[in-house]
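Coordinate analysis (summary)
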Amino acid sequence: MNSHVKEITWTGSEFVLPLQTQGDSSQTTGIETAYDSIWAAEVPVADPSPLERIMLAEDKLYVVLAVVLVIWFGIVAMLVRTDRKIKDLERRLSDEGLEGRSKTR
Amino acid sequence: MKTRTEALLKSLIVLWVTAVIFAGFLLDIPRISILEHTARNLYFHVPLWFALMAAFFVSAWHSARFLSTEDLDYDVRASHAAMVGMAFGILGLVTGMVWARFTWYVGTNKWWNNDPKQVMAAVQLMIYGAYFVLRSSFDHSEKRARVSAVYNLFAAATVPFLLYVLPRQFQSLHPGAEGNPAFDEITHPIMRLVFYPAIMGFIALFWWIYSQRVRLTLLERRLEHE
C-alpha cells in the first residue's frame, strides 16, 4: 500500500471523507476512497458516454434500479421455467388419459 | 408442511422482500464518492451470493444424504438446489458487472474487469455447470445420482476457497481483500438494518423457488412409478 491511501474515518456519528483537494491534482480525478491506491489511476476524466449520462444521474441511483431490475427479470425467467415444467407435466398427464386424476388436485 | 403455514410463510416472504426493497431505496445512507447511491447495491448484489452459498450448502447436504441412504429424492433436491443456486450466481455476476461499470470503471467501457472475486465466482459457476454436464451424461438414474453426488461434494468443498480465501489474497474491489478495509470498517451501522434482512429475504426466495422445482419433479417421478 502506498501513501496515497486516504482512509474514510468514522467519528461515531458520521463518516469523514478525506479532503478531495489534497494530493497532486494533476494525477487525481477528485475521487478518493479507501480504494484509491488501486483504482484511482484507472478512472479517466473522459466525457461520459450517453449510457453513462443516464446511469450517473441522480447520484447514480439508476445503477441501483438497474441491479434490482436484473434480479427481477431473473426471477421472472425462473417463473417462466417453472411454468414450462408444469405445462410438461400437465401434458403428460393428459397424454396418459389421466385427466380425471389431475382434476382431483 | 401444512398448506396454511406455507401460505402464511410465503406472504411473509413477499412482505419481507418488499420492505427490504423499500428500505433499500429510501433509507438515508452516508455519502461516499464513487459509490454514491450505488452503495445501496449492498442490499441486492451481496445477498444473492449469500443465497448462492446457502443453496450450494443445501445441495451438498442432500448429496451427502443420498450417499448414506441411496434415496433418490435426495438426488432431486441436490440437483435443484444447485440449479437455483447457479441462477442466483449468474444474477450476482451480472449485477456486480453493472455496479462496477458505473462506479470504479466509469469512462472505461469495461464491463468485465477481471476482479479476483469476479473471476473466482465465474470459475465457481463453471464448476457447478460441470455438475449438470456430468448429470446429463448418465442414462441410469442410480448411477447418475451416485457419481454426481460425489462430484457435488467436491464442488462444495471448493466454495469457501473460491469465494473467500483466494479472492482475499489479491487486490480487489471487494471488502476484506488485500489492502482493502474489511466489511466491518466501511459499512455504516444503518446499512446493516437492511442488509441482514435482505440476506434472509433472498435465502427465503431461494427456498421458495427450489421447493417448487422439487415438488414438481417428485410429482413427475410419482407419475412414472404408478
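Glancing now at the overall build of chain A. Tallying secondary structure elements over chain A gives 4 helices and 2 strands in all. Helices and strands appear in chain A in the N-to-C order β-β-α-α-α-α. Intrachain contacts of chain A at a sequence separation of at least 6 include 26% that bridge at least 24 residues. Entry remark: accessible area of chain A is about 7000 Å², with carbon and sulfur atoms responsible for 56%.

Turning to the overall build of chain B, a few remarks are in order. On a plain count of helices and strands, chain B comes out with 7 helices and 0 strands. Ordered by position in the sequence, the α and β elements of chain B form the string α-α-α-α-α-α-α. The buried share of chain B, taken over its 226 residues, is 50%. Within chain B, contacts between residues at least 6 apart in sequence are counted, and of these 71% link residues at least 24 apart. Surface accessibility of chain B: about 10700 Å² in total, with carbon and sulfur atoms responsible for 68%.

Quite often, the size of an interface is put as the accessible area lost when its parts meet. Taken residue by residue, the interface counts 58 residues in chain B and 46 residues in chain A. Here chain B meets chain A over a buried area of about 4800 Å², counting both sides, of which 71% is carbon and sulfur. A per-residue breakdown of the area chain B buries against chain A is headed by Phe 102, Arg 213 and Leu 223 of chain B, which together make up 14% of the total. Taken together, the connections running from chain B to chain A amount to 3 salt bridges. Counting across the chain B and chain A interface gives 9 residue pairs in polar contact (both at pLDDT 80 or more). Broken down by secondary-structure element, the contributors of at least two residues to the side of chain B that touches chain A are α3 (72-101), α6 (183-186) and α7 (189-225) of chain B. Looking at the side of chain B that touches chain A, its residues break down into 31 nonpolar, 16 polar and 11 charged.

Here the focus is the pattern of salt bridges. Residues and elements named next belong to chain B. Tallying each qualifying case throughout the model produces 9 salt bridges over all chains. Arg 146 serves as the salt-bridge partner of Glu 70, at 3.2 Å between the closest nitrogen and oxygen. Note that Glu 70 is positioned in the loop between α2 (45-69) and α3 and Arg 146 in helix α5 (residues 141-165), a separation of 76 residues in sequence. On the basis of relative accessibility, which here comes to 37%, the residue Glu 70 falls in the partly exposed class. Taking the relative accessible area as the measure of exposure, Arg 146 reaches 35% and is therefore partly exposed.

Right, let's get into the packing of aromatic side chains. All names here are of chain B. The final tally for this structure, using the stated rule, is 11 aromatic pairs over all chains. Both rings, one in Phe 56 and one in Tyr 128, keep their centres 3.6 Å apart while their planes meet at 15°; by these two values the pair is stacked. Here Phe 56, found in helix α2, pairs with Tyr 128, found in helix α4 (residues 116-136); they are 72 residues apart in sequence, far enough to count as distant. Taking the relative accessible area as the measure of exposure, Phe 56 reaches 2% and is therefore buried.

This part covers the nonpolar core. In terms of nonpolar packing, the biggest core is built from 68 residues, with Tyr 43, Phe 44, Phe 88, Trp 104, Tyr 128 and Phe 206 of chain B touching the most fellow members. Non-local contacts of Phe 44 of chain B, meaning those with residues more than four positions away in its chain, are made with Val 64, Val 67, Val 68 and Ile 71 of chain A together with Ile 21, Gly 24, Phe 25 and Phe 202 of chain B.

Here we come to the confidence of the model for chain A. Residues and elements named next belong to chain A. Within chain A, residue pLDDT values average 69, and 48% of them lie at 70 or more. When the elements of chain A are averaged for pLDDT, helix α1 (residues 36-39) gives the smallest value, 44, and helix α3 (residues 57-95) the largest, 93. This model gives residues 1-5 a pLDDT under 50, and the stretch forms 7 contacts once residues within four places in sequence are excluded. Ignoring residues within four places in sequence, the model shows residues 19-42, a span with pLDDT below 50, making 44 contacts including any to other chains.

Counting through the fold element by element, Leu 223 of chain B comes out in helix α7. Taking the C-alpha atoms as reference, Leu 223 of chain B lies 30 Å from Ile 203 of chain B; in sequence the two are 20 residues apart.

What follows is about unusual backbone geometry. A positive phi is found at Glu 58 of chain A, a non-glycine position, where the angle reads about 50°. Mapped onto the elements, Glu 58 of chain A comes out in helix α3. Overall, Glu 58 of chain A belongs to the exposed group, its relative accessible area being 54%. Phi at Ile 34 of chain B takes a positive value of approximately 70°, unusual for a residue other than glycine. Along the chain, Ile 34 of chain B falls in the loop between α1 (3-26) and α2.

All right, on to α4 of chain B then. Given a rise of 1.5 Å per residue, 21 residues ought to cover 30 Å, and the 30 Å separating the end C-alpha atoms of α4 of chain B matches this to within 8%. Among the residues of α4 of chain B, the N-terminal cap falls to Asp 115 of chain B, whose side-chain oxygen and the backbone nitrogen of Lys 117 of chain B are separated by 3.0 Å.

Rules behind the numbers
Residues numbered from 1 in each chain as written. Chains lettered and ligands numbered in written order. Predicted model: local features only at pLDDT ≥ 70, side-chain atom pairs only at ≥ 80, totals over all residues. Heavy atoms only, no water. Helix = DSSP H or I, 4+ residues; strand = E, 2+ residues; numbered from the N terminus. Contact = heavy atoms within 4.5 Å. Areas by Shrake-Rupley, 256 points an atom, 1.4 Å probe, with all protein chains shown as cover. Buried < 20%, exposed > 50% of the residue type's maximum accessible area, 1.4 Å probe, protein only. Buried area = accessible area lost by both parts, 1.4 Å probe. Salt bridge = Lys/Arg side-chain N within 4 Å of Asp/Glu carboxyl O. Polar contact = N/O pair within 3.5 Å; in protein donor to acceptor, adjacent residues only side chain to side chain. Nonpolar A, V, L, I, M, F, W, Y, C, P; charged D, E, K, R; others polar. Phe/Tyr/Trp six-rings, centres within 6.5 Å; stacked < 30°, edge-to-face > 60°. Core = buried A, V, L, I, M, F, W, Y, C linked by side-chain atoms within 4.5 Å. pLDDT = per-residue confidence, 0-100. Expected span 1.5 Å × (residues − 1).

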